[in-house]
Amino acid sequence: PSLFLAQAILESSDSKGVPGNSGLAKYHNNFFGIKVDKSWKGKVALLKTREVINGKDVYVNATFRKYDSPGDSFKDRINFLAKNKRYKNVFLSQSPETQAYSLQNSGYATDPKYAEKLVSLINNLNLKIYDKI
């Protein structure tokens, strides 16, 4: 749960760091930055996004999944990771920190500091308390 929450916070934050306030989350109910792939049959949103390519920030237009509700985004994040073979090893570890690095190494995000940011959120917001529930 702590990784799940950290991802939602990071991916849905606006440029000022306010969770749930990014355009993608606010207007398209996408709290995890999940882009459209060949398996997606739902609605889409075309937005400018930051990618890190060859160590440089590049802004590109990308097509993201659009959801009817925040709950749909949260459910789809679970299905998306479960159905994509490249993420099969992410949740083999019990440690949310190791899971964060595994998620990054599996290609979830282009930001080379993605896992570091997730781990920082997990620790700074004491999100591990939800792992024990």
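Each remark here, short or long, concerns the structure printed above.
Residues numbered from 1 in each chain as written. Predicted model: local features only at pLDDT ≥ 70, side-chain atom pairs only at ≥ 80, totals over all residues. Heavy atoms only, no water.

### Focus: the pairing of strand E1 (residues 44-53)
Looking along a regular strand, one sees side chains alternate from face to face of the sheet. In this sheet, strand E2 (residues 56-65) lies alongside E1 in antiparallel orientation, the contact comprising 10 bridges. In the strand pairing of E2, Lys48 is matched with Asn61. Once E1 ends, the chain turns through two residues before running back antiparallel as E2, passing Asn54 with a positive phi of about 55°. (Pairing = 2+ DSSP bridges. Helix = DSSP H or I, 4+ residues; strand = E, 2+ residues; numbered from the N terminus.)

### Here we look at the packing of helix H1 (residues 2-12) against helix H3 (residues 70-83)
It is at 12 Å that the axes of H1 and H3 come closest, and there the two elements cross at 120°. As the angle between them shows, H1 and H3 are arranged oblique. H3 is crossed by H1, and the crossing has right-handed handedness. Where H1 approaches H3, its residues Leu3, Phe4, Gln7 and Ala8 are matched on the opposing element by Phe74, Arg77 and Ile78. In terms of residue class, the contact of H1 with H3 is made up of five nonpolar, one polar and one charged. (Axes fitted to C-alpha atoms, helices over the stretch in contact; angles between N-to-C directions. Parallel < 35°, antiparallel > 145°, perpendicular 65-115°, else oblique. Left-handed = near helix turned anticlockwise from the far one by under 90°. Contact = heavy atoms within 4.5 Å. Nonpolar A, V, L, I, M, F, W, Y, C, P; charged D, E, K, R; others polar.)

### Things to note about H3
The end-to-end C-alpha distance of H3, which contains 14 residues, comes to 20 Å, matching closely the 20 Å that a straight helix rising 1.5 Å per residue would cover. Within the span of H3, buried status applies to Ser73, Asp76, Arg77, Phe80 and Leu81. Check the buried side of H3 and you find it contacts H1, E2 and helix H4 (96-105). (Expected span 1.5 Å × (residues − 1). Buried < 20%, exposed > 50% of the residue type's maximum accessible area, 1.4 Å probe, protein only.)

### A look at unusual backbone geometry
Although it is not a glycine, Asn29 sits at a positive phi angle of roughly 55°. Topologically, Asn29 is positioned in the loop between helix H2 (23-28) and E1. For Asn29, a relative accessible area of 15% gives the class buried. Look at Asn126: it is not a glycine, yet its phi comes out positive at around 55°. For Asn126, a relative accessible area of 45% puts it in the partly exposed group.

### Describing the packing of aromatic side chains
Applying the stated criterion across every chain yields a total of nine aromatic pairs. Here the aromatic rings of Phe32 and Phe74 are separated by 5.0 Å at their centres, their planes lie at 75°, and the arrangement is edge-to-face. Within this pair, whereas Phe32 is found in the loop between H2 and E1, its partner Phe74 is found in helix H3, the two being separated by 42 residues in sequence. On the basis of relative accessibility, which here comes to 0%, the residue Phe32 falls in the buried class. Given the relative accessible area of 24%, Phe74 is considered partly exposed. Each member of the aromatic cluster is reached from another via a ring pair, and the members are Phe4, Phe31, Phe32 and Phe74. (Phe/Tyr/Trp six-rings, centres within 6.5 Å; stacked < 30°, edge-to-face > 60°.)

### Side note on H4
Judged by how many residues are buried, H4 sits mostly within the fold: seven of 10 residues are covered. Those residues of H4 hidden inside the fold are in contact with H1, H3 and helix H5 (114-124). Of the residues flanking the end of H4, it is Gly107, one or two places downstream, whose phi is positive at about 95°.

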